[in-house]
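An overview of the molecular structure
What follows is the residue order along each chain.
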Amino acid sequence: MKTKTLTRKEFLKLAGVAVGTVSGVAKFVSTAQAKIKESELTQVKSDFIYSCCNMCGGQSGIMCRVVNGKLVKIDPNPYNPNNFSNISTDFFENVEKEGTCICPKGNAGISTLYDKDRLQKPLKRANPKKGIGVDPRWKEISWEEAYVEITKRLKGLRDNGEAHKLLWFSEDHSFTHIQSDFCKLFGTPNYSMHSNLCDTARKASFKMVMGLDRPLMDALQSKYILLFGWNPLSATKWSHLPRIITRGIENGAKMVVVDPYLSYTANKAQEWIPIIPGTDGAMALAMGHVIIRDKLYDEIFIKDWTIGFEKYAEYVKDKTPQWAEKITTVPAKTIERIAIEFAATKPQVVDVWSGPGQHSNGVQGGRAIAILAALVGGCDRPGTLLIPDNKGNKHIEVEPDEIANKTLKEKRFDQLKELYPFGHKSGIYCQAFSDLAEGKGPYKPKMAMIVFQNIMMSVPGLKTVEKALANLEFVVVNDIFLSETALMADIVVPGTTYLERYDLNTHWVTWPVLGLRQPVVKPIFGQPVEYEFVTELGRRLGLKEADGNDIFWVGRMSGERIADKTKWYEEFLSKELKEGAPKMTLEELKALPGAVWVSKSGTRYEKYKDAISPEKLADSILEGNIAYSKKPDGAKDKPIGLIIEGGAAVHGFSTPSRKVEFYNADFAKKKDAWGRPVDPLPVYEPRDWQPDANYPLYLINWKEASHTHTRTQNNALLVELKPDNPLMVNVVTAEKMGLNNDDLVWVESIYGRVKAKVKLTKGMHPEVVGLQHGFGHWALGEIAKDAGTSDTVLRPCKADPLSGQAIHKQCCVKVYKA
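What you see is a predicted model; the values in this text were computed from it and never measured.

A few words on the overall build of the protein chain. Within the protein chain, the secondary structure is distributed over 28 helices and 32 strands. Its C-alpha atoms give the protein chain a radius of gyration of 26 Å, within 12% of the compact-globule value 28 Å for 818 residues. Classification of the 818 residues of the protein chain by burial places 63% in the buried group. Here the analysis covers contacts within the protein chain between residues at least 6 apart in sequence; of these, 72% occur between residues at least 24 apart. For the protein chain, the computed accessible surface area is about 30,700 Å², with 51% contributed by carbon and sulfur atoms.

Attention now moves to the environment of glutamate 767. In this structure, glutamate 767 sits in the loop between β30 (752-761) and β31 (768-772). Since its relative accessible area comes to 36%, glutamate 767 is described here as partly exposed. Not counting chain neighbours up to four residues away, the residues in contact with glutamate 767 comprise Ile276, Thr329, Pro696, Leu697 and Tyr698.

Further remarks concern the packing of helix α8 (residues 200-210) against helix α17 (residues 362-375). Between α8 and α17, the shortest axis-to-axis distance is 8 Å and the interhelical angle comes to 50°. With respect to α17, the element α8 is oriented oblique. Here α8 and α17 pass one another in a crossing that is right-handed. On α17, the residues that touch Ala201, Ala204, Ser205, Phe206, Met208 and Val209 of α8 are Gly362, Val363, Gln364, Gly366, Arg367, Ala370 and Ile371.

Attention now goes to the nonpolar core. By size, the foremost hydrophobic cluster in this structure holds 81 residues, and its most contacted members are Leu226, Phe228, Met287 and Leu375. Dropping the residues within four chain positions of it, leucine 375 is found in contact with Gly288, Ile291, Ile292, Tyr297, Asp298, Ile302, Phe309, Tyr312 and Phe662. Grouped together as the second largest cluster of nonpolar side chains are 56 residues, Tyr429, Val459, Val465 and Val754 included.

This part takes up the sheet that holds strand β12 (residues 271-273). Overall, parallel pairing links the four strands, which are arranged β12-β11-β10-β14 in an open sheet. The strands lining the two open edges of the sheet, one partner per strand, are β12 and β14 (348-352). Direction aside, neighbouring strands of the sheet carry axes that sit 15° apart on average. Relative to strand β11 (residues 254-258), strand β10 (residues 224-228) runs parallel, the two being bridged by five bridges. Across the sheet, residue isoleucine 225 finds its bridge partner in β11, namely methionine 255. Contacts from α17 reach β10 and β14 within the one sheet, and its direction differs from that of β14 by about 170°.

Before going further, it helps to examine the pattern of salt bridges. In the structure shown here, the tally under the stated rule is 58 salt bridges. Aspartate 199 is the salt-bridge partner of lysine 203, the closest N and O atoms lying 2.7 Å from each other. On the basis of relative accessible area, lysine 203 is assigned to the buried category, the value being 9%. On the accessibility criterion, aspartate 199 (3% relative accessible area) is buried. For glutamate 271, the salt bridge is made with lysine 254, and the minimal N-O distance between the two is 3.3 Å. Linking glutamate 271 in strand β12 with lysine 254 in strand β11, this pair joins segments that are 17 residues apart in sequence. On the accessibility criterion, glutamate 271 (16% relative accessible area) is buried. The exposure class of lysine 254 is partly exposed, given its relative accessible area of 22%. When salt bridges with common partners are traced through the structure, they connect Asp90, Glu98, Arg243, Arg247 and Glu250 into a single cluster.

How two aromatic rings sit relative to each other is given by the distance of their centres and the angle of their planes. Applying the stated criterion to the full structure yields 33 aromatic pairs. Ring plane angle 80° and centroid distance 6.3 Å describe the contact between tyrosine 429 and phenylalanine 433, whose orientation is recorded as edge-to-face. Here tyrosine 429 pairs with phenylalanine 433, and both are found in helix α20 (residues 429-438), just four residues apart, close to one helical turn. Under the relative-accessibility criterion, tyrosine 429 is labelled buried at 0%. By relative accessible area, which is 1% here, phenylalanine 433 ends up buried. Linked through ring pairs, Trp168, Phe182, Phe186, Tyr531, Phe552, Trp568, Tyr569 and Phe572 together constitute an aromatic cluster. Across from the ring centre of phenylalanine 84, 3.7 Å away, lies the NZ or CZ of arginine 243, which sits over that ring. Positioned above the aromatic ring of tryptophan 553 is the side chain of arginine 539, whose terminal nitrogen or guanidinium carbon lies 3.9 Å from the ring centre.

The element α20 is extensively covered by neighbouring structure, given that nine of its 10 residues are classed as buried. Among the residues of α20, Tyr429, Cys430, Gln431, Ala432, Phe433, Ser434, Asp435, Leu436 and Ala437 are the ones counted as buried. The elements touched by buried residues of α20 are β7 (166-170), β8 (191-193), α19 (416-419), α21 (455-458) and α22 (462-470). One or two steps after α20, the chain reaches glycine 439, where phi turns positive at roughly 70°.

Turning to the confidence of the model for the protein chain, a few remarks are in order. Per-residue pLDDT for the protein chain has a mean of 93; in total, 94% of the residues score no lower than 70. Confidence drops under a pLDDT of 50 for residues 1-43, and excluding neighbours within four residues, the segment shows 72 contacts in the predicted structure.

A word on the state of the cysteines. One pass over the full model with this rule turns up zero disulfides. Cysteine cysteine 103 remains unbridged, with the sulfur of cysteine 56 as its closest cysteine sulfur at 5.5 Å. Accessibility expressed as a relative area gives 14% for cysteine 103, which makes it buried. Left unpaired, cysteine 183 is separated from the closest cysteine sulfur, that of cysteine 430, by 20 Å. A relative accessible area of 1% means that cysteine 183 is categorised as buried.

Conventions we followed
- Position numbers for residues count from 1 along each chain, tracking the sequence in the order it is written.
- Predicted model: local features are reported for residues with pLDDT of at least 70 only, side-chain atom pairs are reported and counted for 80 or more only, and whole-chain, interface and lining totals are derived from all residues.
- Hydrogens and waters are ignored; side-chain quantities use all the structure's heavy atoms.
- Strands are runs of DSSP state E lasting at least 2 residues, helices are runs of H or I lasting at least 4, and numbering of each runs from the N terminus.
- This radius of gyration counts C-alpha atoms alone. The globule rule is 2.2 Å times how many residues there are, raised to the power 0.38.
- For every residue, the accessible area (1.4 Å probe, protein chains only) is compared with the maximum for its type, and the residue is labelled buried under 20%, exposed over 50%, or partly exposed between those bounds.
- A contact between two residues is defined here by any heavy atoms of the two lying within 4.5 Å.
- Only the protein chains shown count as covering a residue, and every accessible area follows the Shrake-Rupley method with a 1.4 Å probe.
- Every axis in this analysis is a line fitted to C-alpha atoms, fitted for helices over the stretch in contact. Angles between the N-to-C directions lie between 0 and 180 degrees.
- Here the angle decides the label: under 35 degrees means roughly parallel, over 145 means roughly antiparallel, 65 to 115 means roughly perpendicular, and every other value means oblique.
- Handedness of a crossing is defined here by the sense of rotation of the near helix relative to the far one, left-handed for an anticlockwise turn of less than a right angle and right-handed for a clockwise turn.
- Working definition of a nonpolar core: buried Ala, Val, Leu, Ile, Met, Phe, Trp, Tyr and Cys residues. They are joined through side-chain atoms within 4.5 Å.
- A pair of strands counts as paired when DSSP detects no fewer than two bridges linking them.
- We define a salt bridge as a contact between a side-chain nitrogen of Lys or Arg and a carboxyl oxygen of Asp or Glu at a distance within 4 Å.
- Any two of the Phe, Tyr and Trp rings considered here, Trp counted by its six-membered ring, make a pair once their centres fall within 6.5 Å; the pair's planes then place it as stacked at under 30 degrees, edge-to-face at over 60, or tilted in between.
- Our definition puts a charge over a ring when NZ of Lys or CZ of Arg is within 6 Å of the ring centre and also within 35 degrees of the ring normal.
- Note: pLDDT gives the predictor's confidence per residue, expressed from 0 to 100.
- Two cysteine sulfurs form what is called a disulfide whenever their separation falls within 2.5 Å.

Set out below in structure tokens:
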């Protein structure tokens, strides 16, 4: 923290930036924030507090200016690599010359902090009936009343041996460890997070090929950037992406984007290739055909570091560009040219995200794309897909007591392990809500805790989710707004924004970096922070570890009983830092420049060649050329290394073979959630919902830098930037349908219909229409309500059968004037 005393003139100028640049915001801020009095300006104390953003999952570093306890401005943190580059040499050599950046959402965080529609007090439902349009008849209650009622419900489940009938849903970047600990100690296996609504299909695709679920694109050093269905220049997963892509292009790279929609990234690329949604895998297989036919693949890499190439080569023999053209509508000549360009240009990088992934065939399609990287040796080398060495804080596992262990043995309600062979630890939201609505599943859940999640707006299949929540006996929602999900709750408690709380962020760059999120201001309504809320529940329930450790009372560093829940949580974080890569306490992290720990190890390449220590090798079991670790009883456990030619033992890739896998015969032993054997090869199969005469158009959605999911549509600053989400329609398609700009239309699928406003464009595949995800609220706040269109009612509550990814982009519709 840096402190500076401002003059009255300096303060007024600064405050004008905070509340005067966007019309209407000054009023909106003053409603929730005490005004700065004239008398206070004689001696104004200004603090710079370094933290991390959480307006989206990108976790950019931020520098917050606080004046007399009130936040007035947010800037990028100049010390955090996440705002600049994912390559260490680039960061260390250039950050001081160029400075860091942050996206519009990060700049607009102040607007969410001081939103007049924020929830301030706990509310209890008086109307037992639940549903869209049903008045909950809220009654304001005290925090003590809320704790008593929630604890009573939780205690009833645990005392009756039904702790597993608690479902817990949370966002995946915020205070997840303490929520996970609570669930484990309470006795429910049903802790789920947001990830399976986002990118678990991509995770599965890359894990099947490389053994790693999130490789990172090195666009900076690449000479050819091929992106399938990803918009990193606008849907900025991390704020360094626009810079490294731009620098890569400035350094001579060609960027090609394959996408049904001319996204901002496609607009900035040298080439945009419109494609039918869900057919990206077919194009990738055809590219593989050309690369093998013309012998453009990396023979040495394939010989030394891959397995199954021959079977893959045989499979793609008939997957010609002409074959793919009939499926994708991409001209065969274009596929052939792109394949040759991609393979011949070194180094090259190919990547895929949620666009192709959120379809029923998304995992195998993503796998076919990942294999393109293997064909050209584009794995963990400069300018390719890198394996991140992102060590950070360590989650200290808790040991549940005998009562908790009994119910932890129950299946997860979503049957993650039983049904989804490549599912993610975040769970399967769609499976859970579908079964809950239909009265299916291994048992009947009774209670849900929903933290920082607007499930009604973010899970496909609105009517199913509505019925599912109504079927629960008791629902608790912790949120900063009275969201659509909160309207289905029995008790709603106010949460905090990221500007009012702590978190540790292991950043998604290619070397170890950890940034601190810390309170910039105190919770403005005096409400407990979410981790304090969870801690209080743990204390009231008397949850302890197996050895009797009173874990929600005893400090993890001092070993002493700590009444103050914030101080207790600070020790919780210090322990994770000490046991993790930083090897420091929370206070030591705060003292670092920018409150960010940046390892000096830097980005390393070809880590699959790292040697295994002689000690580790000696303590392993060798079978063929694979080294396995041992279980406590001495039996073979997991593969840890590879014996290569010459006898050296190296780490290899994190697959069963320790090599990149074109083919895996063991996959055929698994069955997907629909009962089908998993194909050992990256097969193309059409997605299971296709247009027909009644519903002839594909409908897709996407995200942009203007908003985060369904969270930010009440943010006054961002709404001025993007107030709604018109339906984008190709001009040729619109002409055939007699549609013009700003026409109101019905968008209808077999599941329902919604109204939308038309916007004509040449930048959309003629067989596709689409809109930005997140709008169409009927709650959340005054600004968000009735703005734009939500498409959740148009799709079923359905997951991809391999990874459990929610199928957000698979939909067929007809469009007609309203």
